[in-house]
Amino acid sequence: MKQIVGVADMKVSNNPGESIITYSLGSCIGLVIYDPAVKVGGILHYMLPDSSIDKQKAAARPYMFADSGIPRLFKTAYQLGAAKQRMKVYVAGGAEILDQQGFFNIGKRNYMALKKMFFKNKVMISAQDVGGNVNRTVRIEIATGDIYVKTSGSGEVKI
Amino acid sequence: MISLQTLVAEVKNLQPIPAVAGQLLAVAEHPDSSMADIARVIQYDPVITAGVLRTCNSAYFGMKNPVESIKDAVNLLGIDQVIELALLKSGSQALGGSQKGYGMDEGDMWRYSVSSAVLAKQVAVRLGLKGKNTIFTAALIKDMGKIVLEKYVADAAKKITDLVENQHFSFQEAEKKALGIDHAELGAMIAKIWKFSPRMVNIIRHHHLSDETKIADKQIAAVYLADCLSMMLGNGVGADGLAYRFKDQVMKHLGISAVDMSMIIADFGINMQEVETLLQMA
């Protein structure tokens, strides 16, 4: 079965019959985590770096923001038996428009927000496909932990 | 290079956007029009009327009693919502297919177009701009040039990709260089042949703001911004991806800060269910 993660959404699974997918990331980030020992994996699709711009929206839709979504993704995986030290971490998305700079570059800011949190919490990124001007879709198979990235207009590639 | 004659012939073969869209815009943007005037224009087209009523009766709007006429719909949802639904429905057939040359599967262009239109409405409301139905519609149909251009883009894919990836061209600049015309110019030509207003033709022509003197036109700037936001959100974005130019000076001119931009994205995230409902109109 295919579980679809919408925009500003998250899914975590330990069902080996499932794959989890999130479409069309653009400047958004698709954060994929997987613990191979217990075969628990999940994807978070967040849109913006920082929930401080609108606390009310962050309360209603915590998966919209990096700072409110990322901790929830990890905690939900822990509840299914995953452990931080075994976790594989993959990042996709964070694309930018040509000449998009500074604070307007939300793709880059989305990625930097994640890097900052990971640095603080000592989380390593196993692999990533971020930045550039392309639109990506990312998918994980729970049974194997295999991760595939598809760029609009091209085929799916295993990372 | 493609001859203009060939393109005009191809445009004439397209399933056009129904004339009612142009009439509806003219009535909707006229200050003296009444609700009855607007309802009359919509009712004139049975396909659009049926589409609007079907969407009004979808679970999203949660109506207790079935909506059976445009008049009911106006009373229950308000005139603005009904105008938007009718404009969307009028574009759904033309924009519903696949555009393989742009790596867009069936429905991708429709997703991208509806997202752009919803974002354009948010931008227009946030900035208090005049002509919000025109802005909404322009954002919806701005990429229709791609419908005709896609097979030429497919034929020139190697050259276009090289220009974008290795020579710092935007996708639009690469189209122009490889084919002699880009999708914005062709879209404007289609709009003209389909007898849209000169205003609409102008917005479509300049929706990527390659001519920077157009920045002063707030309707064009708003549609441009909505297009940038739609690209960033990725919904229905094809192989051209985000390879278009971002212009800081547009944001300055519109008075849009990076925080405003984030707020518009957040609002869109909250309204995703509305967008999903609107997509069902195709």
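Each remark here, short or long, concerns the structure printed above.
Residues numbered from 1 in each chain as written. Chains lettered and ligands numbered in written order. Predicted model: local features only at pLDDT ≥ 70, side-chain atom pairs only at ≥ 80, totals over all residues. Heavy atoms only, no water.

**Here's the deal with the overall build of chain B**
Each helix and strand counted, chain B has 17 helices and 0 strands in total. Over its C-alpha atoms chain B spans a radius of gyration of 18 Å, differing by no more than 12% from the 19 Å that the globule rule assigns to 282 residues. Taken over 282 residues, chain B has a buried fraction of 59%. Long-range pairs, those at least 24 residues apart, make up 68% of the contacts in chain B with a sequence separation of at least 6. In the form shown here, chain B has an accessible surface area of approximately 11,500 Å², with 52% of it arising from carbon and sulfur atoms. Side-chain charges in chain B split into 28 positive and 31 negative, and the spacing between the mean points of these groups amounts to 3 Å. (Helix = DSSP H or I, 4+ residues; strand = E, 2+ residues; numbered from the N terminus. Rg over C-alpha atoms; globule rule 2.2 N^0.38 Å. Buried < 20%, exposed > 50% of the residue type's maximum accessible area, 1.4 Å probe, protein only. Contact = heavy atoms within 4.5 Å. Areas by Shrake-Rupley, 256 points an atom, 1.4 Å probe, with all protein chains shown as cover. Lys, Arg positive; Asp, Glu negative; His and termini not counted. Charge placed at Lys NZ, Arg CZ, Asp CG, Glu CD.)

**Details of the nonpolar core**
With 135 residues, the main nonpolar core has Met47 of chain A together with Val114, Ile141, Met144 and Leu149 of chain B as its most contacted residues. At 12 residues, helix α14 (residues 218-233) of chain B tops the list of elements feeding residues into this core. The residues touching Met47 of chain A, leaving out its near neighbours within four places in the chain, are Val7, Ala8, Cys28, Met64, Ile106 and Asn110 of chain A together with Leu233, Ile265 and Gly269 of chain B. In terms of nonpolar packing, the next biggest core, distinct from the first, is built from 23 residues, Val40, Met87, Val91 and Met117 of chain A among them. (Core = buried A, V, L, I, M, F, W, Y, C linked by side-chain atoms within 4.5 Å.)

**Focus on the side chain of Asp240 of chain B**
Along the chain, Asp240 of chain B turns up in the loop between α14 and α15 (248-254). In this structure Asp240 of chain B touches Asn133 of chain A together with Tyr102, Lys146 and Phe171 of chain B, once residues within four positions along its chain are discounted.

**A short note on the sheet that holds strand β10 (residues 156-158) of chain A**
Residues and elements named next belong to chain A. Read across the open sheet, the 5 strands follow the order β1-β3-β8-β9-β10; overall the sheet is mixed. Bordering the open sheet on either side are β1 (2-5) and β10, each of which pairs with just one other strand. Strand after strand, the sheet turns through a mean of 25 degrees between neighbouring axes, direction not considered. Note: strand β9 (residues 147-151) against β10, 3 bridges, orientation antiparallel. (Pairing = 2+ DSSP bridges. Axes fitted to C-alpha atoms, helices over the stretch in contact; angles between N-to-C directions.)

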